[in-house]
Amino acid sequence: MSATADKKAPLPDDIRAAKGGTPLVSLTAYTTPMAQMMDAHCDFVLVGDSVGMVLHGLPSTLGVTMEMMIMHGKAVARGLSSAMMVIDLPFGSYEESPEQAFGNAARLMAQTSAGAVKLEGGVHMAKTIAFLVARGIPVMAHIGLTPQSVNTLGGYKVQGRDAAATAVIADAQAVSDAGAFAVVLEKIPQSLADQITADIAIPTIGIGASAGCDGQILVVDDMLGLFTAFKAKFVKRYAHLGDDGAAAIAAYAHDVRARTFPAPEHVFADQIPAPAKGK
Ligand code: KIV
């Protein structure tokens, strides 16, 4: 599958069916203009809880609320017509029970018109994934480095190295068996990502994983160089909009202080000049 400007937004089943085909393209988005910019190029767009760190200046994703996800989800939905929208369940909104997860997932989907939700966790979330899927909620899973568990994982470290690979493989199999339509593999060794991609029935979406995954995702502010607090090894910067923006703001400040902005073309005359006779 690959996105074109006039295509209909794919459904979760279309994403599932893309396993082994042309790699799926995905980015995060949090606002309408960003969503519009990527709509024609992405198969799906994730309203990620990374919004807390990249737009709200939070130190982790743990402080992100349902209200924040709904507000950004509505904004992104207004900018999409040909890419599917997936939205993150924020920390604390789904872990307690399958019923809690259903209530919050249904609220997110109803209020934002997202086509699916994403949640973090493997074996221990399999029951919840099956519960949601059986009740009409398509689920994308997220395993490997799961940022909402940063405090129990001991930081944003690579997951699944050496003996720890077995647990990640079990997570991948569990979410696939539970009915997830795709799974994000974050920050795991390349060979492990390739093995999981070969072994499970659903598409793997890599971020810090492998070019052999069935698709890739990046945080848009990372790849555009807008988020500059730090850069993970797996981020490729395709632009440097943060630096460009800072230079533009400095130029504006200079022009205002030098009274060279606004220039004549930016201000209004007292009267509109009368049209020349005969015209
Ligand atoms: O919240 C997010 O942006 C994510 C991606 C990194 C996959 O979960």
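Notes on the structure follow.

Quick notes on the rules
Residues numbered from 1 in each chain as written. Predicted model: local features only at pLDDT ≥ 70, side-chain atom pairs only at ≥ 80, totals over all residues. Heavy atoms only, no water. Helix = DSSP H or I, 4+ residues; strand = E, 2+ residues; numbered from the N terminus. Buried < 20%, exposed > 50% of the residue type's maximum accessible area, 1.4 Å probe, protein only. Contact = heavy atoms within 4.5 Å. Areas by Shrake-Rupley, 256 points an atom, 1.4 Å probe, with all protein chains shown as cover. Lys, Arg positive; Asp, Glu negative; His and termini not counted. Charge placed at Lys NZ, Arg CZ, Asp CG, Glu CD. Expected span 1.5 Å × (residues − 1). Pairing = 2+ DSSP bridges. Axes fitted to C-alpha atoms, helices over the stretch in contact; angles between N-to-C directions. Left-handed = near helix turned anticlockwise from the far one by under 90°. Right-handed = clockwise from strand over helix to strand, strands pointing away. Near = heavy atom within 4 Å. Polar contact = N/O pair within 3.5 Å; in protein donor to acceptor, adjacent residues only side chain to side chain. Nonpolar A, V, L, I, M, F, W, Y, C, P; charged D, E, K, R; others polar. Arc of directions from axis to C-beta. Core = buried A, V, L, I, M, F, W, Y, C linked by side-chain atoms within 4.5 Å.

1. Overview of the overall build of the chain
Part 1 of the argument: For the chain, the count of helices and strands is 11 helices and 8 strands.
Part 2 of the argument: Counting only C-alpha atoms and orienting by the principal axes, one finds that the chain spans roughly 80 × 40 × 35 Å.
Part 3 of the argument: Considering the chain as a whole, with its 279 residues, one finds that 49% of them fall into the buried category.
Part 4 of the argument: Expressed as a percentage of contacts within the chain between residues at least 6 apart in sequence, the contacts between residues at least 24 apart total 58%.
Part 5 of the argument: For the chain, the exposed surface amounts to about 13,900 Å²; the carbon and sulfur share of it is 59%.
Part 6 of the argument: Of the charged side chains in the chain, 21 are positive and 26 negative, and the gap between their average positions amounts to 5 Å.

2. Focus: helix H4 (residues 66-78)
Part 1 of the argument: Given a rise of 1.5 Å per residue, 13 residues ought to cover 18 Å, and the 18 Å separating the end C-alpha atoms of H4 matches this to within 8%.
Part 2 of the argument: Turning to H4, its buried residues are Met 66, Met 68, Met 69, Ile 70, His 72, Gly 73, Ala 75 and Val 76.
Part 3 of the argument: As for H4, its buried residues are in contact with helix H2 (32-38), strand E2 (44-47), helix H3 (51-54), strand E3 (84-88) and helix H5 (98-112).

3. Quick notes on the sheet that holds strand E1 (residues 24-28)
Part 1 of the argument: Pairing within the closed barrel is parallel, and its 8 strands lie in the order E1-E2-E3-E4-E5-E6-E7-E8. With strand direction ignored, the average angle separating the axes of adjacent strands in the sheet is 25°.
Part 2 of the argument: Of the pairings in the sheet, the one linking E3 to strand E4 (residues 116-120) comprises 3 bridges and is parallel in character. Bridge pairing in E4 places Asp 88 opposite Lys 118.
Part 3 of the argument: Contacts from H5 reach E3 and E4, with the element oriented near 140° to E3.

4. Examining the packing of H4 against H5
Part 1 of the argument: Axis separation between H4 and H5 bottoms out at 9 Å; the angle between their running directions is 35°. The handedness of the crossing between H4 and H5 is right-handed. Contacts from Met 66, Glu 67, Met 69, Ile 70, Gly 73, Lys 74 and Ala 77 in H4 reach Asn 104, Arg 107, Leu 108, Gln 111 and Thr 112 in H5.

5. Looking at the pairing of E3
Part 1 of the argument: Judged by how many residues are buried, E3 sits mostly within the fold: 5 of 5 residues are covered.
Part 2 of the argument: Neither face of E3 is left uncovered, since the one carrying Met 84, Val 86 and Asp 88 and the one carrying Met 85 and Ile 87 both have all their residues buried.
Part 3 of the argument: Across 4 bridges, the pairing between E2 and E3 is parallel. Across the sheet, the residue bridging to Phe 44 is Met 84, located in E3.
Part 4 of the argument: Between the parallel elements E3 and E4, the chain passes through H5 in a crossover that is right-handed.

6. A closer look at the pairing of strand E7 (residues 204-207)
Part 1 of the argument: Residue alternation in E7 divides its side chains into two sets, Thr 204 and Gly 206 and Ile 205 and Ile 207, and both sets are buried.
Part 2 of the argument: Pairing geometry for strand E6 (residues 182-186) and E7, over 4 bridges, is parallel. Bridge pairing links Val 184 to Ile 205 in E7.
Part 3 of the argument: Sheet topology places E7 next to strand E8 (residues 215-218); 2 bridges connect them, and they run parallel. Each residue of the ladder has a partner; that of Gly 206, found in E8, is Gln 216.

7. Notes on the site of the ligand
Part 1 of the argument: Around the ligand, the neighbouring residues are Thr 28, Leu 46, Gly 48, Asp 49, Ser 50, Asp 88, Lys 118, His 142, Ile 207 and Val 219.
Part 2 of the argument: In the model, an oxygen atom of the ligand is placed 2.9 Å from a nitrogen or oxygen of the Asp 49 side chain.
Part 3 of the argument: Interatomic distance of 2.5 Å between a side-chain N/O atom of Ser 50 and an oxygen atom of the ligand.
Part 4 of the argument: In the complex, the protein chains occlude 95% of the 260 Å² of accessible area that the ligand would expose alone.
Part 5 of the argument: Across the shell around the ligand, the residue classes tally to 3 nonpolar, 4 polar and 3 charged.

8. Comments concerning helix H9 (residues 190-199)
Part 1 of the argument: Within the span of H9, buried status applies to Leu 192, Ala 193, Ile 196 and Thr 197. For H9, the angular spread of buried residues about the axis comes to 135°, placing them on one side. Counted as exposed and oriented over 90 degrees from the buried face of H9: Gln 190, Ser 191 and Ala 198.
Part 2 of the argument: On its buried face, H9 is in contact with helix H8 (165-178), E6 and E7.

9. Some remarks on the nonpolar core
Part 1 of the argument: Within the largest apolar cluster, 62 residues are counted, with the highest numbers of intra-cluster contacts made by Val 117 and Leu 185.
Part 2 of the argument: Considering every element that reaches this core, the biggest residue donor is H8, with 6 residues.
Part 3 of the argument: Setting aside anything within four residues of it in sequence, one finds Leu 185 in contact with Ile 143, Ala 193, Ile 196, Thr 197, Thr 204, Ile 205, Gly 206, Ile 207, Ala 209 and Cys 213.
Part 4 of the argument: In terms of nonpolar packing, the next biggest core, distinct from the first, is built from 15 residues, Ile 15, Phe 44, Met 84 and Ile 207 among them.

These values are about where atoms sit, not about what they do.
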